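Chain residues, written in single-letter form:
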Amino acid sequence: MKKSVVFGALTVAGLAAGAAAAGTLDDVKARGKLNCGVTTGLVGFAAPDANGEWMGFDVGVCRAVAAAVLGDPKAVEFVPTTGKTRFTALASGEIDMLARNTTWTFSRDVDLKFTFVGVNYYDGQGFMVPKELGVSSAKELDGATVCIQTGTTTELNLADFFRSNNISYEPVPIETNAEAQQQYLAGACDVYTTDASGLAATRATFEDPSAHVLLPEIISKEPLGPLVRHGDDNWGDVVRWSLNALITAEELGVTSANIGEMAAGTNNPEVNRLLGTEGNLGEMLGLSADWGKNAIMAGGNYGELFEGNIGESTPIGLARGLNAQWTDGGLIYSPPFR
């Protein structure tokens, strides 16, 4: 068993090294389209609407990168991936980047040879149960059946939590969030566990969300963010700074409503560098001078993306919490544009 795991990791790493060597930025420009890996469907983060158009918080990151590189936020091919298929899709070059509720961990960074370019959502693993179960704490789940997505950190965290609390559970393996929702509502499992944001997004789609409870325990750290392959630092910089452009825009007060006016020039040198009216940051990345402006215009700044897709005014109803700007006591923070 140990040999097969090592072989699998080395295979993914080998694929990653080979695919990255081609120069992803040049490939995307030549193709005229960004291939972006997303989840198979999680409302608020990445899911097709009634017209088949992909929408969501993670989708917004993909569109920002496409706009930065190609000047067109719609020049994206969205590739649905599961917990099991996402890393192979990235390593093989099937996708150029992965923007799919994926946790930054040591082994994924070092062993699987991926580069996480930042965090766009600070999360933690939680539990959802039917209210009628009468459970108020995850520590009361001894003997419960638990729906769990395979190939995820969630699977490992679950085992650790039950073991450390000396309680037992019966796993019900599932591949996708849609399958988990179906199994959970059908009563095939007592509990669904995944990132707390995913639970909130899933519950929002239920006919009666109030009949389901998110338990208070958060049992892990789950820093979620986009990732690329090792070995292509230029492309990593492009994706990293596209995300940072959205974060910095919110901090500096650049919005989809005022960006046209601010792009004409301001008294703030960092705003000017961000929007390309001063300095040569775009040239350093191999992009046009207005790459940052294009990224922000794709769907708004970080705060606009958050509030419009998963914020408190949406059915998902997530508060900013740890995902507030650092100036508001949160963890969202970008290095300077200079």
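Up top you'll find the structure we're talking about.
Attention in this report is confined to the structure presented alongside it. (Residues numbered from 1 in each chain as written. Predicted model: local features only at pLDDT ≥ 70, side-chain atom pairs only at ≥ 80, totals over all residues. Heavy atoms only, no water.)

Digging into the overall build of the protein
Part 1 of the argument: Each helix and strand in the protein was counted, giving 14 helices and 14 strands.
Part 2 of the argument: A globule of 338 residues ought to have a C-alpha radius of gyration of about 20 Å, and the protein, at 20 Å, matches this closely.
Part 3 of the argument: Taking the principal axes of the C-alpha coordinates as reference, the protein spans close to 60 × 45 × 40 Å.
Part 4 of the argument: Across the 338 residues of the protein, 53% fall into the buried class.
Part 5 of the argument: Across the protein, the fraction of contacts at a sequence separation of at least 24, relative to all contacts at a separation of at least 6, is 72%.
Part 6 of the argument: Split by element, the accessible area of the protein, about 14700 Å² in all, is 52% carbon and sulfur. (Helix = DSSP H or I, 4+ residues; strand = E, 2+ residues; numbered from the N terminus. Rg over C-alpha atoms; globule rule 2.2 N^0.38 Å. Buried < 20%, exposed > 50% of the residue type's maximum accessible area, 1.4 Å probe, protein only. Contact = heavy atoms within 4.5 Å. Areas by Shrake-Rupley, 256 points an atom, 1.4 Å probe, with all protein chains shown as cover.)

A few points about the pattern of salt bridges
Pairs can form between side chains of opposite charge once their charged atoms are near each other.
Part 1 of the argument: The final tally for this structure, using the stated rule, is five salt bridges.
Part 2 of the argument: The salt bridge partner of Arg31 is Asp96, with a shortest N-O separation of 2.8 Å. Residue Arg31 is found in helix α2 (residues 24-31), and its partner Asp96 is found in the loop between α4 (86-91) and β5 (97-98); the two are separated by 65 residues along the sequence.
Part 3 of the argument: The exposure class of Arg31 is partly exposed, given its relative accessible area of 35%.
Part 4 of the argument: Between Lys84 and Glu175 there is a salt bridge whose closest N-O contact spans 3.5 Å. Of this pair, Lys84 sits in the loop between β4 (76-81) and α4 while Glu175 sits in the loop between β10 (169-174) and α7 (177-185), and the two are 91 residues apart along the sequence. (Salt bridge = Lys/Arg side-chain N within 4 Å of Asp/Glu carboxyl O.)

Remarks on the layout of surface pockets
Part 1 of the argument: Taken as a whole, the largest pocket spans an internal volume of roughly 420 Å³.
Part 2 of the argument: Around the largest pocket, the lining comprises 15 residues; the ones closest to its centre are Phe87, Arg108, Leu112, Gly151 and Thr152.
Part 3 of the argument: For the lining of the largest pocket, the secondary-structure elements that each account for two or more residues are α4, α5 (106-110) and α6 (153-164).
Part 4 of the argument: In terms of residue count, α6 provides more of the lining of the largest pocket than any other element does, three residues in total.
Part 5 of the argument: Roughly 270 Å³ of volume is contained in the second largest pocket.
Part 6 of the argument: Along the wall of the second largest pocket there are 17 residues; nearest its centre are Tyr121, Tyr122, Asp123, Gly124 and Leu322.
Part 7 of the argument: Contributions of two or more residues to the lining of the second largest pocket are made by β7 (121-123), α8 (196-203) and β13 (222-224).
Part 8 of the argument: Take the lining of the second largest pocket: its biggest share by element is three residues, from β7. (1 Å grid on protein atoms, 1.4 Å probe; cavity = no way out; pocket = protein on both sides within 12 Å on 5 of 7 lines; lining within 4 Å. Points joined across faces, edges and corners; volume = space filled by probe spheres on them.)

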